[in-house]
4 protein chains.
Amino acid sequence: MNNGKKDSAILLMHCPDRKGIVADVTEFLNNNNGNIITLDEHVDRLANVFFMRIEWELDSFMIPREKIADFFEILIAGKYQMTWNIYFSNQRPRMAIYVSKLSHCLYDILSRVYAGEWEVELPLIISNHDLLSPVARQFGIPFHVFRKNQENKQEMETQELGLLQREKINFIVLARYMQVLSEQFISHFPNKIINIHHSFLPAFPGAKPYHMAYERGVKIIGATSHYVTGELDAGPIIDQDVVRITHRDHVDKMIMKGKDVEKLVLSRAILMHLQRRTLVYGNRTVVFN
Amino acid sequence: MNNGKKDSAILLMHCPDRKGIVADVTEFLNNNNGNIITLDEHVDRLANVFFMRIEWELDSFMIPREKIADFFEILIAGKYQMTWNIYFSNQRPRMAIYVSKLSHCLYDILSRVYAGEWEVELPLIISNHDLLSPVARQFGIPFHVFRKNQENKQEMETQELGLLQREKINFIVLARYMQVLSEQFISHFPNKIINIHHSFLPAFPGAKPYHMAYERGVKIIGATSHYVTGELDAGPIIDQDVVRITHRDHVDKMIMKGKDVEKLVLSRAILMHLQRRTLVYGNRTVVFN
Amino acid sequence: MNNGKKDSAILLMHCPDRKGIVADVTEFLNNNNGNIITLDEHVDRLANVFFMRIEWELDSFMIPREKIADFFEILIAGKYQMTWNIYFSNQRPRMAIYVSKLSHCLYDILSRVYAGEWEVELPLIISNHDLLSPVARQFGIPFHVFRKNQENKQEMETQELGLLQREKINFIVLARYMQVLSEQFISHFPNKIINIHHSFLPAFPGAKPYHMAYERGVKIIGATSHYVTGELDAGPIIDQDVVRITHRDHVDKMIMKGKDVEKLVLSRAILMHLQRRTLVYGNRTVVFN
Amino acid sequence: MNNGKKDSAILLMHCPDRKGIVADVTEFLNNNNGNIITLDEHVDRLANVFFMRIEWELDSFMIPREKIADFFEILIAGKYQMTWNIYFSNQRPRMAIYVSKLSHCLYDILSRVYAGEWEVELPLIISNHDLLSPVARQFGIPFHVFRKNQENKQEMETQELGLLQREKINFIVLARYMQVLSEQFISHFPNKIINIHHSFLPAFPGAKPYHMAYERGVKIIGATSHYVTGELDAGPIIDQDVVRITHRDHVDKMIMKGKDVEKLVLSRAILMHLQRRTLVYGNRTVVFN
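Definitions and limits used
Residues numbered from 1 in each chain as written. Chains lettered and ligands numbered in written order. Predicted model: local features only at pLDDT ≥ 70, side-chain atom pairs only at ≥ 80, totals over all residues. Heavy atoms only, no water. Contact = heavy atoms within 4.5 Å. Buried area = accessible area lost by both parts, 1.4 Å probe. Salt bridge = Lys/Arg side-chain N within 4 Å of Asp/Glu carboxyl O. Polar contact = N/O pair within 3.5 Å; in protein donor to acceptor, adjacent residues only side chain to side chain. Helix = DSSP H or I, 4+ residues; strand = E, 2+ residues; numbered from the N terminus. Nonpolar A, V, L, I, M, F, W, Y, C, P; charged D, E, K, R; others polar. Buried < 20%, exposed > 50% of the residue type's maximum accessible area, 1.4 Å probe, protein only. Phe/Tyr/Trp six-rings, centres within 6.5 Å; stacked < 30°, edge-to-face > 60°. Patch = residues over 30% accessible without salt bridge, like charges linked within 9 Å, V, L, I, M, F, W, Y side chains within 5 Å. Areas by Shrake-Rupley, 256 points an atom, 1.4 Å probe, with all protein chains shown as cover. Least-squares fit on C-alpha atoms with pLDDT ≥ 70 in both. Expected span 1.5 Å × (residues − 1). Domains from an automatic or database assignment.

S.K.: Before we go on, may I ask you to explain the interface of chain D and chain A in this structure?
M.R.: Many authors give the size of an interface as the accessible area that is lost as the parts come together. Every contact between the two is made by 18 residues of chain D and, on the other side, 18 residues of chain A. Buried area between chain D and chain A, both sides added, is near 1600 Å², and the carbon and sulfur share of it is 45%. The interface formed by chain D and chain A contains zero salt bridges. In this assembly, chain D and chain A are joined by eleven residue pairs in polar contact (both at pLDDT 80 or more). At the level of secondary structure, the elements contributing two or more residues to the side of chain D that touches chain A comprise α1 (21–31) and β2 (36–44) of chain D. Top contributing element to the side of chain D that touches chain A by residue count: β2 of chain D, with seven residues. Split into classes, the residues belonging to the side of chain D that touches chain A amount to six nonpolar, seven polar and five charged.

S.K.: What is the right way to read unusual backbone geometry from this model?
M.R.: It is generally the case that most residues other than glycine have a negative phi and that most peptide bonds are trans. Put simply, L201 of chain A and P202 of chain A share a cis peptide bond, and its omega is 10°. Note that P202 of chain A resides in the loop between β9 (193–197) and α7 (209–216). Look at R276 of chain C: it is not a glycine, yet its phi comes out positive at around 50°. Within the element layout of this structure, R276 of chain C appears in the loop between α8 (251–274) and β12 (278–281). A relative accessible area of 11% means that R276 of chain C is categorised as buried.

S.K.: Sorry if this is basic, but what is going on with the environment of R277 of chain B here?
M.R.: Residues and elements named next belong to chain B. Counting through the fold element by element, R277 comes out in the loop between α8 (251–274) and β12 (278–281). R277 sits in the buried class, given a relative accessible area of 15%. In this structure the side chain of R277 is engaged in a polar contact, spanning 2.7 Å, whose partner is the side chain of Q275.

S.K.: Explain the packing of aromatic side chains to me, please; I cannot follow it from the model alone.
M.R.: The relative placement of two aromatic rings is captured by the distance of their centres and the angle of their planes. All names here are of chain A. With the rule as written, the count across this model stands at 54 aromatic pairs over all chains. Centre to centre, the rings of Y114 and F139 are 5.4 Å apart; their planes meet at 90°, and the pair counts as edge-to-face. Of this pair, Y114 sits in helix α3 (residues 104–114) while F139 sits in helix α4 (residues 133–139), placing them 25 residues apart in sequence. Note on F139: relative accessible area 9%, which makes it buried.

S.K.: Honestly, a nonpolar patch on the surface in this entry has me stumped. Any pointers?
M.R.: Nonpolar side chains collect at one region of the surface, where F71, I74 and L75 of chain A lie side by side and expose about 300 Å² of accessible area between them. Note on placement: L75 of chain A falls in helix α2 (residues 68–80).

S.K.: I'm lost on the relation of the copies chain D and chain A in this one. Help?
M.R.: Between the two chain copies there is a screw-like relation: a rotation about an axis and a shift along it. Mapping chain D onto chain A calls for a screw motion: a turn of 180° about the axis and a shift of 0.0 Å along it, with 0.0 Å RMSD after fitting. Here the symmetry operator amounts to a two-fold rotation axis. Among all residues of chain D, the minimum C-alpha distance to the rotation axis is found for A23 of chain D, at 2.7 Å. A share of 100% of the interface residues of chain D reappears at the interface of chain A, consistent with the copies meeting face to face through the same patch.

S.K.: Hey, could you run me through the side chain of K263 of chain A in this one?
M.R.: Secondary-structure assignment places K263 of chain A in helix α8 (residues 251–274). Judged by its relative accessible area of 6%, K263 of chain A is buried. If we skip the residues at most four places from it in the chain, K263 of chain A touches H104, C105 and D108 of chain A together with D108 and R112 of chain C.

S.K.: Any chance you could explain helix α5 (residues 153–166) of chain B here in plain terms?
M.R.: Working note: α-helix, 3.6 residues per turn, so residues spaced by three or four point in the same direction. All names here are of chain B. Spanning 14 residues, α5 covers 20 Å between terminal C-alpha atoms, matching the ideal 20 Å at 1.5 Å per step. For α5, the elements touching its buried residues are β5 (94–99), β6 (121–127), β7 (143–145), β8 (171–174) and α6 (183–186). Positive phi appears at K168, one or two residues downstream of α5, with a value of about 55°.

S.K.: Got a minute to help me understand the interface of chain B and chain A in this structure?
M.R.: Contacts between the two partners involve 39 residues from chain B and, on the opposite side, 39 residues from chain A. Across the chain B to chain A interface the summed buried area is about 3200 Å²; carbon plus sulfur atoms make up 50%. When residues of chain B are sorted by the area they lose upon contact with chain A, R216, K219 and H247 of chain B head the list and together hold 22% of the total. Our count for the contact surface shared by chain B and chain A stands at six salt bridges. Note that R244 of chain B and D241 of chain A form a salt bridge whose closest N and O atoms lie 3.2 Å from each other.

S.K.: What am I meant to see in the domain arrangement of chain A here?
M.R.: Residue and element names in this part refer to chain A. Taken as a whole, chain A is organised into domain 1 (8–88), domain 2 (92–189) and domain 3 (192–289). On a C-alpha basis, the centroid separation for the pair domain 2 and domain 3 is 19 Å. Opposite the 25 residues of domain 2 that make contact, domain 3 presents 21 residues. Of the roughly 2000 Å² buried where domain 2 meets domain 3, counting both sides, 71% is carbon and sulfur surface. At the surface where domain 2 touches domain 3, the tally comes to one salt bridge. R176 serves as the salt-bridge partner of E262, at 2.7 Å between the closest nitrogen and oxygen. At the junction of domain 2 and domain 3, the tally comes to ten residue pairs in polar contact (both at pLDDT 80 or more). Sorting the residues of the side of domain 2 that touches domain 3 by element identifies α3, β8 (171–174) and α6 (183–186) as the ones contributing at least two each. If you tally residues by element for the side of domain 2 that touches domain 3, the top one is α3, at five residues. Class assignment of the residues belonging to the side of domain 2 that touches domain 3 gives a composition of 18 nonpolar, two polar and five charged.

So, in structure tokens, the structure goes:
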């Protein structure tokens with residue numbers, strides 16, 4: 001959300017923990033007249049890794065926008081062996097949505113985009129069915145169908161990748177997309193594909209989690225948003241939430257209650273990603289807020 | 001909770017679903033001048049099983065207390081092949097607590113018993129260590145230590161069973177008891193041993209669930225109370241709850257946050273059991289409230 | 001939700017509590033071959049009022065649909081001085097939505113209607129602005145603007161009532177409609193107008209609750225769905241929920257987090273109303289589920 | 001919680017927001033060989049106030065513990081007009097508990113203290129009744145009764161203050177203490193008296209909130225921990241939480257469910273206070289975690 005705010009830059013970084021990192025970075029910004037808006041840091045003491053998100057205003061910052069990365073790398077990042085990225089608030093990320101047959105997450109996303117809740121571009125929706133094309137049409141978003149099967153999967157993914165690259169897509173949201181992407185495909189968007197899984201992982205990975213939850217007789221069900229990796233439903237978790245159920249809730253009622261959690265947990269993850277609040281380290285996330 | 005209320009009876013039953021069950025049972029009570037306080041029913045349509053909990057006042061009920069079971073079996077239950085139990089509000093169940101080294105659940109239970117929150121008798125605490133004997137002493141509850149190992153487990157359990165029978169124990173609460181009971185032992189208390197497991201099952205069964213949760217990078221942790229069966233952490237779930245964590249919560253902080261959920265979820269399960277609100281069917285519970 | 005289920009009837013009733021009500025009603029259904037699907041009852045012991053919701057299958061019920069009300073009144077209801085209603089599962093209630101400028105609740109409702117989540121007809125949307133007419137157009141729902149001010153309010157409401165009656169509207173949903181309806185208008189839809197208020201009532205009634213919440217420094221915010229009465233934000237509450245905030249959440253972020261709660265709490269209330277699970281007594285609701 | 005950790009210092013501060021604060025403070029620590037463990041900051045953009053909590057290890061810090069305050073004031077704090085405090089991890093705060101007749105919060109606190117969950121000293125419990133003296137005796141904590149009435153209130157409070165000062169009490173916890181403290185008394189412990197109120201404030205301040213909640217027909221009840229000020233139940237809120245209720249929950253059941261929230265919300269507030277995570281500004285808190 002940047003409405004009415006001045007242009008700003010966001011640094012996301014992690015590196016081996018050492019003394020002096022905060023002092024050096026903040027002094028660098030301060031000396032160059034960059035007013036810090038927020039600073040959030042975290043140390044993983046087990047892994048001895050330091051994480052930081054820092055946002056500063058650009059209007060009186062003395063280093064030109066296009067040179068910030070170069071200066072930062074040479075003056076600061078190299079010294080600490082940082083893994084880092086700098087983002088600018090005036091860059092609106094370009095998102096692609098993947099769907100299959102269920103519309104609840106798609107509608108939730110589209111209504112937020114349409115209402116201007118998020119700073120994002122949405123140039124296209126991709127599906128393996130045309131069932132939801134009317135929804136895309138309601139919102140005037142191009143809808144592309146790639147009908148995949150075992151034989152043509154590689155070829156289809158190649159075509160998808162071409163489309164995504166032509167449209168300069170920065171990240172992908174799987175809004176209840178019921179197909180598995182290949183490792184090869186995923187490797188083009190590392191920690192840039194957000195999936196919603198309809199259980200509180202690691203319980204009930206894979207297909208039909210509500211049926212499995214019913215079988216087990218649980219009293220809460222949930223949803224998990226995570227970055228997609230090569231291992232199914234095992235990527236770094238961004239957000240989770242749950243809802244209470246009772247013995248009265250058969251599978252169909254669990255599915256209905258679950259949908260409300262799914263769309264909320266997915267949209268919260270998208271917002272965190274859009275605001276560059278997520279850092280992935282190993283198989284876990286740091287989510288600054 | 002029965003303070004100041006009249007004596008009442010509670011029927012818990014299930015049977016194959018058929019027309020007329022509610023009408024027949026309520027007519028039976030009505031014709032014999034039993035004023036119904038609450039009636040709660042549930043039909044599992046997949047299994048075609050009908051469940052009911054019904055509570056009625058005894059003061060003007062025409063059938064003497066000691067004959068109710070006999071009359072009910074002959075006039076009603078036989079006709080519908082019911083599995084049933086009748087409880088009386090003036091019978092205070094006798095509970096045994098099992099503990100190991102952690103005191104939080106034990107204190108939570110003891111403080112409720114001591115404050116008169118529950119209708120229960122607590123004649124004894126059993127442990128495999130003497131670490132928590134001072135807590136038992138604070139509340140004046142006899143504390144029995146059975147130091148089990150692989151060799152003497154069977155012998156120890158036999159002694160425990162003897163003690164439990166002498167003390168007329170109706171049900172057992174495992175308040176973070178870190179030993180596995182034998183199937184043989186469990187068979188003496190079917191659906192009468194309540195355990196608290198420190199994860200939202202079926203995620204993270206077995207040992208060290210918080211460590212596993214940390215490894216997986218989850219954003220919520222939880223606790224599960226369930227009836228103990230022969231299969232570890234797989235019995236019918238009574239209640240569950242969760243608490244949100246962040247990347248800042250290392251294992252020690254997860255353990256601390258988790259304790260608050262554990263004691264709450266265990267105490268809620270005990271209350272449901274005490275109020276005869278739980279029915280077990282297959283591997284799931286019906287919890288009327 | 002009635003998909004694939006047999007036709008059924010739902011009785012909602014309350015009356016002074018007496019012995020025999022459940023027995024009489026269930027015997028009436030049973031004797032006439034009505035298979036009870038669910039029965040839920042509640043006794044308010046302070047007010048001495050008995051409430052019940054009972055649903056039964058119609059396919060082999062011996063009393064014809066159009067005579068059920070008459071038979072029930074004469075054989076049962078009169079005896080107990082019941083206030084009651086019978087609904088049929090094949091009657092889809094007709095809902096009107098009122099909106100002003102915010103789209104989040106409207107989109108949430110429309111996406112559920114469009115996806116077939118609810119058994120409802122939605123013939124029209126009414127607003128005091130035309131800002132959201134494009135949303136109505138996306139979903140092909142007629143959108144009517146009544147620009148009210150102090151002078152024309154009575155005249156406008158008369159026109160609205162005419163429209164609502166012509167369209168045979170059964171109940172109204174105020175989906176963040178920012179105008180106060182007159183008592184006269186409300187009297188035409190007693191307990192049939194559902195409002196969403198953006199605070200956990202009774203905290204922060206009236207205008208700008210998020211600003212008031214910020215001023216007070218609360219750590220949770222919430223939303224309340226309730227039936228509209230003549231007194232502002234004081235009608236019988238159907239559902240409430242909350243979300244945790246921190247010192248970092250300024251008013252704009254509270255508004256954004258709050259929207260997610262508002263749309264959820266409103267949609268849950270609509271579902272409860274559609275499924276005839278709500279009974280109003282005094283200024284409170286019984287919500288059977 | 002400081003078990004096994006090195007000695008550390010914690011700075012809590014706020015001041016008018018300006019460029020360079022983080023850089024100056026972190027450079028001050030860094031130059032003097034202080035390893036920062038955590039840094040958390042917040043800017044209230046409306047009030048233009050900067051808040052920070054920073055913790056650093058003392059073992060190789062070059063400024064001796066007793067001179068840190070002096071150096072910090074002269075080198076840093078004066079320049080920015082900071083309001084600040086420095087705490088040391090080896091100082092265990094001394095807490096006094098006030099109770100009346102209900103034991104649930106008291107037990108929850110005592111069981112945590114006894115189990116070593118908190119870094120705190122608890123030299124005394126004060127009450128206006130002797131009802132809970134047996135609880136104090138169970139845990140071996142001195143229990144002082146000050147029977148107050150309108151006439152002797154000032155005299156009693158003077159005696160209490162004398163006792164609190166002799167015992168070097170740092171902060172007070174009102175664990176369901178049902179008397180109002182005078183402004184004069186409160187002025188001796190500014191933002192150092194933590195109260196638990198049994199509603200989600202600002203709803204239902206004052207006496208009998210559960211009865212008021214029942215009257216209003218709410219669907220959630222809650223509890224609020226806050227610092228005590230001269231205005232009843234209106235001080236800066238530290239934490240809040242809620243629990244869902246239904247039409248089945250009469251006042252006595254609300255009271256029972258509410259107790260579980262009260263003790264949790266109070267204990268969480270105590271922990272935040274003990275860990276020096278709370279900053280009060282105006283009538284609101286910043287709670288770093």
